[in-house]
Structures are given as C-alpha cells and as structure tokens.
Amino acid sequence: MQFFSFVLSAGLCAAATIPRQAAAADGNACANPAKRVEWRTMTAEVQKQYIDAVKCLKTKPSGMGLNTTRYDDFPYVHTHLDNTIHTVAMFLPWHRLFVQVYEDSLRDCGYKGPMAYWDWTLDTADVTKAPVWDVETGFGGNGDPAIDPMKESSSKKCLVDGPLKGFEVAYTMNGYAPHCLARNWNSGIAFPGDMLADSYTKEVVDEVSAQKTYVDFRYKLEGGPHGAIHSAVGGDMSPATSPNDPIFFLHHAQIDRLWTQWQMEKPETRTTEFGGPKTQDKEPGEASAEDVMPYLGLVPDVKVKEILATGTERLCYTY
Ligand SMILES: [Cu+2]
C-alpha cells in the first residue's frame, strides 16, 4: 500500500500542469491571513467572546434547512458522513474545511477574535488541568461527578458547571434526540489524570510529523493523537456526533495545525500531496485530489485539491 501510494503521489506531481506552490508563494495566496492561536494565549475577555459566539450558534437557525440550530448542523453533517470522512485519505482536508466553516459561523455570530486551537502536547503532564477545561475561562471540565458511568449511562454525565452548563445538543448517532452535553473523562475507567496522555505527547507528535508521506502522516495522526483525545474526553466527544462538544473544534484546529506545519516543511510538494484509501471498503481504491468531498449542504461540495493549501483566498489563515 505504501509503495503504491508513493507511485501515485509521484504520478500526481508529474501530471499537474501548474503545481500549486506553498500558498505564500502562490498567486492564490490571500493578502492578510488570520493567525490562529492556542487557547491559553488568548485573554480572558477574548475567551469569553469565543464561548459567547459558540452559545450564539445555538440561537441561530440551521443554515441547511434542518429544524435544529446552526450549532447542530455540525454534528448532524459529521455523523451522517462518518464512514466517508474517517480512516480515509480525505480525513484531513474534510475536517480542515469543516473547521473553517465553523469559524465562519462564529463570525456570523459576531466573534472577532482569532480562531483557537488546543495544543494538548502542552498538557500531557496532567491533561485534567488543561486551561481549556477551566470553568471560568474555558469550556468547563468533566461531566457530573455524581454520575458513576459504571452504574449509570454515561450520557447522563452532563456538565454541571462552567459556561456550557445546560448546553443542549440535538443529535445522537440515532438521530434527533436532544440532550445535555456530557463528558466522561477516561471513559470513567482509567486512573484519574491519565487521559491517554501517552498517546499525544510532544514525542509522539514529533514522530507523526517525521513521516515522509501524506499517506503515513494521515494514518498516524488520525489513529494516534486524534483518536486518543476523542476517547479521553469521552461522553459526547466519543461518538460520530462529537462536534456536539465545542472542544471538538479546538482539537481539530490542532490536528489541522499539525498538518499545516508538516506541509510547510516542504511546501513545494506537500501542499499538493494527497493519497491513501479512498473509502473504508475492503478494497478502497486510491484517493485522488480530484475527489469531491461531500458536506450535505453545510457548504457546497468541494474537490480535495481546493483544500490542500492554507493561506489561500479560500482558507485565509496561518498558525
Ligand atoms: Cu471527524
């Protein structure tokens, strides 16, 4: 598979008429890319503005004709496309645009600060103490301590403090089912403070970033640090409706940041490099940058190749 992918990506480079250079050196580069920042570097005031905008999305109508709110569009689309966008080549570009659309929605709700990411490598000494969980300046922490997920459904382990207390989300993987936002750190079973932190230390990320091909990089990043955070946070962050938890978007901005940094190490090749399994099928076929990514009306469907570089008119940001 790896050999095949290498041949394919080499073929793509040769076939491209005008190889897209790093966005900065490209005619398509945007003039003033917005800098995304780590959550803990924002002032408390801007952190509050960000979370206020998240809550504002719950007051706006769906942008795609659903009977639920703008916020709920994101988990709805993500869960309906679950098998199309995970453990496949398009995992990274699909989520890249998804985060951008979310950021655009926050701006429609009046947010003027930077888009934020959560660099969890900074917190692996004790992830439970990460600034993103602060009840004053973050997204609140674990769900209701009175709920023991060994005895009751972890879906009852809802946030009982912090700015997202009472945050109601509309969907589960079974469809429309309004419920309170739940977190179930460590799935309620591991040692307190563990949070699978060994899976997303700086050392682990360095090894992911040392991968030489998109195929290997995507595979290691998705199956390693990406998946570990979803599992460690638990509750609504675990199933395919994981965008129910607003921390999803800071996590995926970090995933996107690591991809962007990997691309910028060799922008002349890596901002066009793409490949790997096209589908989750047993014989998935080889993905192509010409593949169209579906968004179910959240935003018009788009070819992968439009989303491979950042700092463009379409994705006018940097890290
Ligand atoms: Cu996802």
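Owing to the predicted nature of the structure, the values given are computational and were not obtained by experimental measurement. (Residues numbered from 1 in each chain as written. Predicted model: local features only at pLDDT ≥ 70, side-chain atom pairs only at ≥ 80, totals over all residues. Heavy atoms only, no water.)

**Topic: the packing of aromatic side chains**
The full count for this structure, using the stated rule, is 25 aromatic pairs. Between Phe74 and Tyr102, the ring centres sit 5.2 Å apart and the planes meet at 90°, which makes this aromatic pair edge-to-face. Pair noted here: Phe74 is in helix α3 (residues 70–80) and Tyr102 is in helix α5 (residues 91–108), with a separation of 28 residues, a long-range link. For the pair Phe74 and Tyr102, a shared accessibility class is recorded, and that class is buried. Between Phe217 and Trp262, the ring centres sit 4.8 Å apart and the planes meet at 20°, which makes this aromatic pair stacked. Of the two residues, Phe217 sits in helix α7 (residues 214–233) while Trp262 sits in helix α8 (residues 247–265), which places them 45 residues apart along the sequence. Relative accessible area serves as the criterion here: at 0%, Phe217 is assigned to the buried category. Each residue in the set Tyr71, Phe74, Trp94, Phe98, Tyr102, Phe167, Phe248, Phe249 and Tyr295 is aromatic and connected to the rest through ring pairs, giving one cluster. (Phe/Tyr/Trp six-rings, centres within 6.5 Å; stacked < 30°, edge-to-face > 60°. Helix = DSSP H or I, 4+ residues; strand = E, 2+ residues; numbered from the N terminus. Buried < 20%, exposed > 50% of the residue type's maximum accessible area, 1.4 Å probe, protein only.)

**Considering the UniProt feature "domain: Tyrosinase copper-binding" (unreviewed entry) in the protein chain**
What UniProt calls "domain: Tyrosinase copper-binding" (unreviewed entry) maps, in this numbering, to residues 86–103 and 245–256. From the first C-alpha to the last, residues 86–103 spans 21 Å; its make-up is 72% helix and 0% strand. Between the end C-alpha atoms of residues 245–256 there is a gap of 18 Å, over a span that is 83% helix and 0% strand. (UniProt positions renumbered as here; feature names shortened; annotations may be inferred.)

**Examining the pairing of strand β5 (residues 175–180)**
In the sheet, strand β4 (residues 168–172) pairs with β5 via 4 bridges, with the strands oriented antiparallel. Residue pairing in the sheet places Tyr171 in a bridge with Tyr176 of β5. From the end of β4 to the start of β5, which pair antiparallel, there are 2 residues. (Pairing = 2+ DSSP bridges.)

**Some points on the coordination of the copper ion**
Every protein donor of the copper ion is accounted for by His78 (NE2), His86 (NE2) and His95 (NE2), and the metal-donor separations fall at 2.0 to 2.1 Å. Binding-site remark: the copper ion is held by donors from one chain whose sequence spacing is H-x7-H-x8-H. According to the relative accessible area criterion, His86 is buried, its value standing at 11%. (Donors = N, O, S within 2.8 Å, 3.2 Å for Na, K, Ca; no water.)

**Considerations on the pattern of salt bridges**
Scanning all chains against the criterion turns up 20 salt bridges. When the shortest N-O distance is used, the salt bridge between Glu103 and Arg107 registers 2.9 Å. A residue pair is termed a helical-turn pair when its members lie 3 or 4 positions apart in one helix, as Glu103 and Arg107 do in helix α5 at 4 residues. The class of Glu103 is buried, set by a relative accessible area of 6%. When the shortest N-O distance is used, the salt bridge between Glu265 and Arg270 registers 3.9 Å. When its relative accessible area of 5% is taken as the criterion, Arg270 is described as buried. (Salt bridge = Lys/Arg side-chain N within 4 Å of Asp/Glu carboxyl O.)

**With respect to α8**
Taking 1.5 Å of rise per residue, 19 residues should cover 27 Å, and α8 covers 28 Å from first to last C-alpha, within 8% of that figure. Most of α8 sits inside the fold, with 16 of its 19 residues counted as buried. (Expected span 1.5 Å × (residues − 1).)

**Digging into the packing of helix α6 (residues 202–209) against α7**
Their axes nearest at 9 Å, the elements α6 and α7 cross at an angle of 160°. By the criterion of interaxial angle, the relationship of α6 to α7 is roughly antiparallel. Between α6, through Val204, Val205, Glu207, Val208 and Ser209, and α7, the contact on the second element is made entirely by Phe217, Lys220, Leu221 and Pro225. Across the contact of α6 with α7, the residue classes tally to 6 nonpolar, 1 polar and 2 charged. (Axes fitted to C-alpha atoms, helices over the stretch in contact; angles between N-to-C directions. Parallel < 35°, antiparallel > 145°, perpendicular 65-115°, else oblique. Contact = heavy atoms within 4.5 Å. Nonpolar A, V, L, I, M, F, W, Y, C, P; charged D, E, K, R; others polar.)

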